[in-house]
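Summary of structural features
Chain residues, written in single-letter form:
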Amino acid sequence: SGQGIEALESFKQMQEEGLSPDNVTFGCILKACGSIGAIEKGERIHDEIVRRGLLGKDIVLGNALVDMYAKCGALTTSQALFDELLVHDTVCWNALICGYTQQCRDGEALSLFDRMQKEGFSPDSVTFASILRACANICAISKGKQIHYEIVKRSLLEKNTVLVNALVDMYSKCGAMLDARWAFEKVHPKGVLTYNILIAAYAQEECNDSAIEVLEEMQYVNIVPDEGSFVNVLRACHYPELLEKGKVIHTNIVQRGFDSVLTINTALIGMYGKCGALEEAHCVFDGVEEKNLVSWTAIITAYSQQGYGEEAIQLFKEMHLEGISADTITLVSILGAYANLEAAAEHEVIQACYKHKFESNIILGNALITKYDQISSNQ
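These figures come from a predicted structure and were not determined experimentally. (Residues numbered from 1 in each chain as written. Predicted model: local features only at pLDDT ≥ 70, side-chain atom pairs only at ≥ 80, totals over all residues. Heavy atoms only, no water.)

Some thoughts on the overall build of the protein chain
For the protein chain, the count of helices and strands is 22 helices and zero strands. Counting only residues that meet the buried cut, the protein chain has 47% of its 379 residues in that class. Taking as baseline every contact in the protein chain between residues at least 6 positions apart, the subset at least 24 positions apart corresponds to 59%. Accessible area for the protein chain stands at about 19500 Å²; split by element, carbon and sulfur atoms hold 52% of it. (Helix = DSSP H or I, 4+ residues; strand = E, 2+ residues; numbered from the N terminus. Buried < 20%, exposed > 50% of the residue type's maximum accessible area, 1.4 Å probe, protein only. Contact = heavy atoms within 4.5 Å. Areas by Shrake-Rupley, 256 points an atom, 1.4 Å probe, with all protein chains shown as cover.)

A word on the environment of Ile49
Tracing the chain through its elements places Ile49 in helix H3 (residues 39-51). On the basis of relative accessibility, which here comes to 0%, the residue Ile49 falls in the buried class. Expressed as a C-alpha distance, the spacing of Ile49 and Leu61, which sit twelve residues apart in the sequence, is 8.5 Å. Setting aside residues no more than four positions away along its own chain, Ile49 makes contact with Phe26, Leu30, Leu54, Leu55, Leu61 and Leu65.

A word on the packing of aromatic side chains
For the structure on display, the rule yields seven aromatic pairs. Taken together, a centroid distance of 4.8 Å and an interplanar angle of 75° make the contact between Phe82 and Trp93 edge-to-face. Residue Phe82 is located in helix H5 (residues 75-84), and its partner Trp93 is located in helix H6 (residues 90-102); the two are separated by eleven residues in the primary sequence. On the accessibility criterion, Phe82 (0% relative accessible area) is buried. Relative accessible area serves as the criterion here: at 0%, Trp93 is assigned to the buried category. An angle of 80° between the planes, with centres 5.1 Å apart, marks the rings of Phe184 and Tyr195 as edge-to-face. A residue pair is termed long-range when its members are at least 10 positions apart, and Phe184 in helix H11 (residues 177-185) and Tyr195 in helix H12 (residues 192-204) qualify at eleven residues. No difference in accessibility class separates Phe184 from Tyr195, as the two residues are buried. Here a set of aromatic residues connected by ring pairs shows up, and it is made of Phe82, Trp93 and Phe121. The ring of Phe184 is capped by Lys190, whose NZ or CZ atom sits 5.0 Å from the centre of that ring. Over the aromatic face of Phe285 sits the side chain of Lys291, whose NZ or CZ is 5.0 Å from the ring centroid. (Phe/Tyr/Trp six-rings, centres within 6.5 Å; stacked < 30°, edge-to-face > 60°. Lys NZ or Arg CZ within 6 Å of the ring centre and 35° of its normal.)

A closer look at the side chain of Asn94
By the element assignment, Asn94 lies in helix H6. Residue Asn94 is classed as buried on the basis of its relative accessible area, which comes to 7%.

Details of unusual backbone geometry
Even without glycine at this site, Cys104 takes up a positive phi of about 60°. In this fold, Cys104 is placed in the loop between H6 and helix H7 (106-118). The backbone of Cys139 sits at a positive phi, close to 55°, despite the residue not being glycine. Looking at the secondary structure, you find Cys139 in the loop between helix H8 (125-137) and helix H9 (141-153).

Quick look at the side chain of Gln79
Along the chain, the position of Gln79 falls in helix H5. Here the side chain of Gln79 touches Tyr100 through a polar contact of 2.8 Å, side chain to side chain. Those residues in contact with Gln79, other than ones at most four positions away along the chain, are Leu96, Tyr100, Leu112 and Arg115. (Polar contact = N/O pair within 3.5 Å; in protein donor to acceptor, adjacent residues only side chain to side chain.)

Some remarks on a negative patch on the surface
A cluster of like negative charges, contributed by Glu6, Glu9, Glu16 and Glu17, occupies part of the molecular surface. Within the element layout of this structure, Glu9 appears in helix H1 (residues 4-16). (Patch = residues over 30% accessible without salt bridge, like charges linked within 9 Å, V, L, I, M, F, W, Y side chains within 5 Å. Salt bridge = Lys/Arg side-chain N within 4 Å of Asp/Glu carboxyl O. Lys, Arg positive; Asp, Glu negative; His and termini not counted. Charge placed at Lys NZ, Arg CZ, Asp CG, Glu CD.)

Here we look at the pattern of salt bridges
Enumeration according to the criterion identifies 15 salt bridges in this entry. Of the charged contacts, one joins Asp114 and Lys143 as a salt bridge, the two residues approaching to 3.2 Å between their closest N and O atoms. Of this pair, Asp114 sits in helix H7 while Lys143 sits in helix H9; the two residues are 29 residues apart in sequence, bridging distant segments of the chain. Residue class for Asp114 comes out partly exposed when judged on its relative accessible area of 30%. Between Lys245 and Asp209 there is a salt bridge, with the nearest N and O atoms lying 3.6 Å from each other. Note that Lys245 is positioned in helix H15 (residues 243-255) and Asp209 in helix H13 (residues 208-220), a separation of 36 residues in sequence. Using a relative accessible area of 38% as the deciding quantity, one classes Lys245 as partly exposed. On the basis of relative accessibility, which here comes to 39%, the residue Asp209 falls in the partly exposed class. Taken together, the shared-partner salt bridges in this structure form one network comprising Glu48, Arg51 and Arg52.

Taken by themselves, the reported measurements are silent on function.
Following this line, the structure appears as structure tokens:
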């Protein structure tokens, strides 16, 4: 049920009551450790399994250990353990491949996939979903199409929403929107996640009208948008000519009761800011009850990008008075606002840059160079 901490607490109580864990217990606890990244606890369980001589006798425990280390990001250990196991099965291969994909080591995941097949193991739906994610991450569309062909040949696509979603995601991240749309149409029934993937893809590719149309389509067929739906579609409205559509989506957000969701409000501030509608952006910002760094940065960026430097600087100061420290993104935005001001007025932002060690931060360093270039040009 995804409650790893509670599982570990029950395990502790079990031992306190004098009950000895068996293979099933160890397998469950390793899964719990992997789900919450509790690698130290997982290592102690590993030691206990070895001490009891259970590892060579139970393929399930071997798989659980490989999976635990992979989920905790300890891929070197996971790979070494995998190589030591005398017996492998598809579950074990999947655990390691998923681990490499989750850690964005996608080339290694693809190599492992090829090795799996060479050693005579047949991929299943879990394997293919992981490999499609790897292909998406590195835009390996040729490999993705090969996987797609193999999935169809094995008749795995029918009613497998996870696989179809992975195909939509892979094609869209590779910029192949016609293929992504084709895969999308193959999903029956479609859920909110499938729609969200396509909306995000269209927004990423700046097919903005298409992103908005998909949101409208999902509501027409009575699929209720969620937080991700609105955040993704608002990214598609970052253009003045789409401001009115953005306002309609804002009304939809209010009607559906999402107007108190911080991530959506931040996306609204960004949308209005990009469209130059600063009054609307500030109105949304004022309505945010618990403002965080992201929402402050959004409103500061909105004013800075539209050339309202003094207003952006005032907001920057108010943020500090609220006890919120700037990060790299905030500082880059405020540096743009400071570009046309005299150097004497820049003391506190320069201090903040030093505090964030701009000399070793390429983004901040470049922003400072740009700012001083602008000052030189103005002089």
